[in-house]
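Chains, contacts and geometry: an overview
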Number of protein chains: 2
Amino acid sequence: MFDYKLLSALAAVIEQAGFERAAQLLGLSQSAISQRIKLLEARVGQPVLVRANPPTPTEIGKRLLNHVQQVRLLERDLQSQVPALDEEGLPERLRVALNADSLATWWGAAVGDFCAQQQVLLDLVVEDQEVGLKRMRAGEVAACVCASERPVAGARSELLGAMRYRALASPAFMARHFPDGFDAERLARTPALVFGPDDFLQHRYLASLGITGGFLHHLCPSSEGFMRLTEASIGWGLVPELQVREQLASGRLVEILADKPIDVPLYWHHWRNGGQLLVHLTDHLRQHAGNWLVPWTGMAASAASGKNL
Amino acid sequence: MFDYKLLSALAAVIEQAGFERAAQLLGLSQSAISQRIKLLEARVGQPVLVRANPPTPTEIGKRLLNHVQQVRLLERDLQSQVPALDEEGLPERLRVALNADSLATWWGAAVGDFCAQQQVLLDLVVEDQEVGLKRMRAGEVAACVCASERPVAGARSELLGAMRYRALASPAFMARHFPDGFDAERLARTPALVFGPDDFLQHRYLASLGITGGFLHHLCPSSEGFMRLTEASIGWGLVPELQVREQLASGRLVEILADKPIDVPLYWHHWRNGGQLLVHLTDHLRQHAGNWLVPWTGMAASAASGKNL
């Protein structure tokens, strides 16, 4: 069998983003961690990580990490049957990549009971879908929530539902920029908010009004920041309806054009051999995600671009 | 003088995180962008960027970017006096790094009026303080909000005030884990929430109760996600008071121990020769930040660690 002391050292260095923190986590000296990595590299005959800040896994390193995470999940299944094997008595960690808007809205409420029942600790990673799926492929996360349907090799994807976005602004913003009523041409010349280079929701909204080409925009890579900048009349943007129910009810934010939402599907990607914990979480999400997400009826193609999805 | 067509191409590739998007931004073909970068490299006699995904600047590339951003800010000052120089009529962009909790709470409200008056577009970057200050040094941002007082070379820092954090949990979480009343030892064995490897607020809180060493925790790198997971009874954690006034008033969240806050100072770092726009923003923040931040009276040393600060 593999020497899992060496593999744990590799996993700790990557997951903790450094040798020092890995040493702290494992209760070892930094030089002991270094030794283990070197020994691992001697065994596999090539480097397993790039000594950068933070360290990153090489191709072979990624394959080893993928293996470690899968073994961990399988160990957990065994431990529930053979508790004595559970050396440290610590809850299992489950690493999940998800889009910023899901974490800012429905995710916590959807998995709260699950975490309490299963005594699982979550390592959440906020990534756009390309990076999230890349992390799955590299074995850095066990599962991923994103707008892309296509699973990576060895994984399954299933539809959870869709996030409904609405194009919102503050009443002050509307009064300042549209004193004579709404005008689509003018919208492209008023500052929008954009989450980041992968957020095309504002582009899609403008395109749906027949406006193509560039538009003024702020960049704000934070879900709650995005909402706060909208409230502060800094720009208009597509915001998850779940996040702003109260603001819409109180009139602090208004829809730019009445009832013109954009829905973005969300898929749950998980390893096929991810162990029972992942199976349970998948069941749990399948059952509960509908409390927050709307049914998705659209075409997958139109969803290829989304706000950090 | 330098050839600013070449320098703009470099800035666009870095800021847009790719050649294709840089080309879109500048309205050029990708090969034109490539040509400009190559020409720039021929002139300076060494590579200005590493062709990775996304491309990153080399040391010399960073110095050039720093220069570009400073020139842009100075150009802005001139344009306000000589409007004809303003080729495109587009608002200036100001790139600012700040901690996640500031963006999720007071930042938007504090700069809303400023953005409208000055017609400035913001490029916000969420970073912890080390990376934020590194980006200042590299010339990638014009200013930075973080908990560290020490300015980088060529910049100034000034105190804006402090963020007040409170250790919070849901009533259900308290009932589940502390049915017989609060117990500090037990707190270390109930799941905490931690923002990321640089977030030591929970450690500090436990230390203030006499508890050192490890503790169970989830990782959740999102300010709003952090609050949502607290609401969903997934863990306890230090949350900015500004973010949860309503939850505290309604009793949806409660303080673990009555009135035991942790204050974290926030400093505004800005270039000394950053131009008038930056001077105005600095004045504006100096004047208004106190509406959201509390006065800071502590020692700088105790603030070296904070939640994504």
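Residues numbered from 1 in each chain as written. Chains lettered and ligands numbered in written order. Predicted model: local features only at pLDDT ≥ 70, side-chain atom pairs only at ≥ 80, totals over all residues. Heavy atoms only, no water.

For clarity, the threshold we go by: UniProt positions are given in the numbering used here, feature names are shortened, and annotations may be inferred rather than shown by experiment.
Where an unreviewed UniProt entry is consulted, chain A appears under the name HTH-type transcriptional regulator ArgP, with the organism given as Pseudomonas fontis. Recorded under Subunit (unreviewed entry), the UniProt text for chain A is reproduced unchanged: "Homodimer."

Some words on the relation of the copies chain A and chain B
A rotation about an axis combined with a shift along that same axis relates the two copies of the chain. To keep things clear, this is the line we draw: For this overlay, a least-squares fit was computed on C-alpha atoms, restricted to residues scoring pLDDT of at least 70 in both copies. By definition in these notes, contact holds between two residues if any of their heavy atoms fall within 4.5 Å.
Overlaying chain A with chain B gives an RMSD of 0.1 Å, the required rotation being 180 degrees about an axis along which the chain moves by 0.1 Å. The operation mapping one copy onto its partner corresponds to a two-fold rotation axis. Of the C-alpha atoms belonging to chain A, the one lying closest to the rotation axis is found on E224 of chain A, 3.0 Å away. Mapped onto chain B, 100% of the interface residues of chain A again fall at the interface, so both copies present the same surface.

Considerations on the packing of helix α1 (residues 4–15) of chain B against helix α3 (residues 30–44) of chain B
All names here are of chain B. What counts here: Structural elements are reduced to axes, namely lines fitted to C-alpha atoms, with helices fitted over the stretch in contact, and the angle between N-to-C directions of any two is expressed from 0 to 180 degrees. A helix here means a DSSP run of H or I that spans at least four residues, while a strand means a run of E at least two residues long, and both kinds are numbered starting from the N terminus. Throughout, a crossing is termed right-handed when the near helix is turned clockwise from the far one, and left-handed when it is turned anticlockwise from it by less than a right angle.
Remark: α1 packs on α3, axes separated minimally by 9 Å, with the N-to-C direction vectors making an angle of 115 degrees. Where α1 crosses over α3, the two elements pack in a sense that is left-handed. Contact residues: K5, L6, L7, A9, L10 and V13 in α1; I33, R36, I37, L39, L40 and R43 in α3.

Examining unusual backbone geometry
The criterion, for reference: The classification of residues rests on relative accessible area computed with a 1.4 Å probe and restricted to protein chains. Under 20% of the type maximum is buried, over 50% is exposed, and intermediate values are partly exposed.
The omega angle of the peptide bond from N53 of chain A to P54 of chain A is 0 degrees, so this bond is cis rather than trans. Positive phi values are uncommon outside glycine, yet A17 of chain B reaches one of about 60 degrees. Looking at the secondary structure, you find A17 of chain B in the loop between α1 and α2 (19–26). Relative accessible area serves as the criterion here: at 25%, A17 of chain B is assigned to the partly exposed category.

A closer look at the confidence of the model for chain A
Residues and elements named next belong to chain A. The cut-off we apply is this: Values of pLDDT, which run from 0 to 100, indicate the predictor's confidence residue by residue.
Predicted confidence across chain A gives a mean pLDDT of 86, with 91% of residues reaching 70 or more. Ranking the helices and strands of chain A by mean pLDDT puts strand β9 (residues 237–240) first, with 97, and helix α4 (residues 59–81) last, with 73. Below pLDDT 50 for its whole length, residues 83–87 participates in three contacts with residues either more than four positions away or in separate chains. Predicted confidence is poor over residues 300–306, with pLDDT under 50, and the contacts of this stretch with residues over four places away or in other chains come to 14 contacts. Two summary scores accompany this predicted model of the complex, namely pTM at 0.75 and ipTM at 0.73.

Some remarks on the environment of V125 of chain A
Among the secondary structure elements, V125 of chain A is positioned in strand β4 (residues 121–126). Here the alpha-carbon distance between V125 of chain A and L98 of chain A, two residues 27 residues apart in the chain, equals 6.3 Å. Setting aside residues no more than four positions away along its own chain, V125 of chain A makes contact with R95, V96, A97, L98, R135 and V141 of chain A together with P221 of chain B.

Considerations on the domain arrangement of chain A
Using the following cut-off: The split of the chain into domains comes from an automatic or database domain assignment.
Under the domain assignment used here, chain A contains domain 1 (1–67) and domain 2 (163–263). Relative to domain 2 of chain A, the C-alpha centre of domain 1 of chain A lies at a distance of 45 Å.

Considering the interface of chain A and chain B
The following threshold applies: Summed over both partners, buried area is the accessible surface (1.4 Å probe) that two parts give up on being assembled. Every case where a carboxyl oxygen of Asp or Glu lies within 4 Å of a side-chain nitrogen of Lys or Arg is listed as a salt bridge. Polar contact criterion, stated in full: a pair of N or O atoms within 3.5 Å, where within protein one must be able to donate a hydrogen and the other to accept it, and residues adjacent in sequence count only if both atoms are side-chain atoms.
Contact residues are listed per partner, giving 41 residues for chain A and 41 residues for chain B. Interface area for chain A against chain B, summed over the two sides, is near 3100 Å², with a carbon-plus-sulfur share of 61%. The tally of links between chain A and chain B comes to two salt bridges. With a shortest N-O distance of 3.1 Å, D198 of chain B and R21 of chain A are connected by a salt bridge. On the surface where chain A and chain B come into contact, there are 14 residue pairs in polar contact (both at pLDDT 80 or more). Those elements that place two or more of their residues in the side of chain A that touches chain B are α5 (100–104), α6 (107–118), β4, β8 (217–219) and α11 (223–231) of chain A. No other element matches the seven residues that α6 of chain A contributes to the side of chain A that touches chain B.

So, the packing of aromatic side chains
Residues and elements named next belong to chain B. Rule in force here: In summary, the pairing rule links any two rings of Phe, Tyr or Trp, Trp by its six-membered ring, whose centres are within 6.5 Å, and it sorts them by plane angle into stacked for under 30 degrees, edge-to-face for over 60 and tilted for everything else.
Counted under the stated rule, the structure contains eight aromatic pairs over all chains. With a centroid separation of 5.9 Å and 50 degrees between ring planes, the pair formed by Y205 and W236 is classed as tilted. With Y205 in helix α10 (residues 201–208) and W236 in the loop between α11 (223–231) and β9 (237–240), the pair connects residues that are 31 residues apart, well separated along the chain. Classification of W236 by relative accessible area gives buried; the value is 0%.

Brief notes about the side chain of Q243 of chain A
Of note, Q243 of chain A is situated in the loop between β9 and α12 (245–250). A residue is classified by how much of its surface remains accessible, and Q243 of chain A, at 6% relative accessible area, is buried. Engagement of the side chain of Q243 of chain A in a polar contact is seen with the side chain of E224 of chain B, the distance being 2.7 Å. Not counting chain neighbours up to four residues away, the residues in contact with Q243 of chain A comprise A104, T105, S223, E224 and M227 of chain A together with E224 of chain B.

Things to note about the packing of helix α1 (residues 4–15) of chain A against helix α2 (residues 19–26) of chain A
All names here are of chain A. Where we set the bar: Roughly parallel means an angle under 35 degrees; roughly antiparallel means over 145; roughly perpendicular covers 65 to 115; every other angle is labelled oblique. Here the term charged refers only to Asp, Glu, Lys and Arg, the term nonpolar to Ala, Val, Leu, Ile, Met, Phe, Trp, Tyr, Cys and Pro, and the term polar to all other amino acids, Gly among them.
As a packed pair, α1 and α2 sit with axes 8 Å apart at the nearest point and diverge in direction by 125 degrees. What the angle tells us is that α1 and α2 run oblique. Considering only the axes of α1 and α2, their crossing is right-handed. Here S8, A9, A12 and V13 of α1 lie close against α2, whose contacting residues are F19, A22, L25 and L26. A per-class count over the contact of α1 with α2 returns seven nonpolar, one polar and no charged.

A closer look at the pattern of salt bridges
This model, assessed by the stated rule, comprises 32 salt bridges over all chains. Of the charged contacts, one joins E231 of chain A and R252 of chain A as a salt bridge, the two residues approaching to 3.3 Å between their closest N and O atoms. Residue E231 of chain A is located in helix α11, and its partner R252 of chain A is located in the loop between α12 and β10 (254–255); the two are separated by 21 residues in the primary sequence. The partner of E255 of chain B in a salt bridge is R166 of chain B, with the nearest N and O atoms 3.1 Å apart. Here the residue E255 of chain B occupies a position in strand β10 (residues 254–255), and R166 of chain B occupies one in strand β6 (residues 155–169), the gap between them amounting to 89 residues. For R166 of chain B, a relative accessible area of 10% gives the class buried. Within the structure, one salt-bridge network assembled from shared partners comprises E224, R228, E231, E246 and R252 of chain A.

Notes on the state of the cysteines
Threshold: Cysteine sulfur atoms that pair up within 2.5 Å are treated as a disulfide.
Counted under the stated rule, the structure contains zero disulfides over all chains. Here C144 of chain A is not disulfide-linked; the sulfur of C146 of chain A is the nearest cysteine sulfur, at 4.2 Å.

Structural notes on α10 of chain B
Here is the rule: By definition, the arc is the one covered by directions from the helix axis to the C-beta atoms.
Looking at α10 of chain B, one finds that the buried residues are L201, Q202, Y205 and L206 of chain B. For α10 of chain B, the angular spread of the buried residues around the axis is 135 degrees, confining them to a single face.

Regarding helix α3 (residues 30–44) of chain A
Short version of the rule: Expected helix span is computed as 1.5 Å times (number of residues minus one).
Across its 15 residues, α3 of chain A extends 21 Å between first and last C-alpha, which sits within 8% of the 21 Å expected from 1.5 Å per residue. Two residues or fewer after α3 of chain A comes G45 of chain A, characterised by a positive phi angle close to 80 degrees.

Some words on the side chain of H218 of chain B
Positionally, H218 of chain B belongs in strand β8 (residues 217–219). Overall, H218 of chain B belongs to the buried group, its relative accessible area being 1%. For H218 of chain B, the side chain forms a polar contact with the main-chain oxygen of I234 of chain B, separated by 3.1 Å. For H218 of chain B, the contacting residues outside a window of four places in its chain are R93, C115, V120, L121 and L122 of chain A together with P191, A192, L193, V194 and I234 of chain B.

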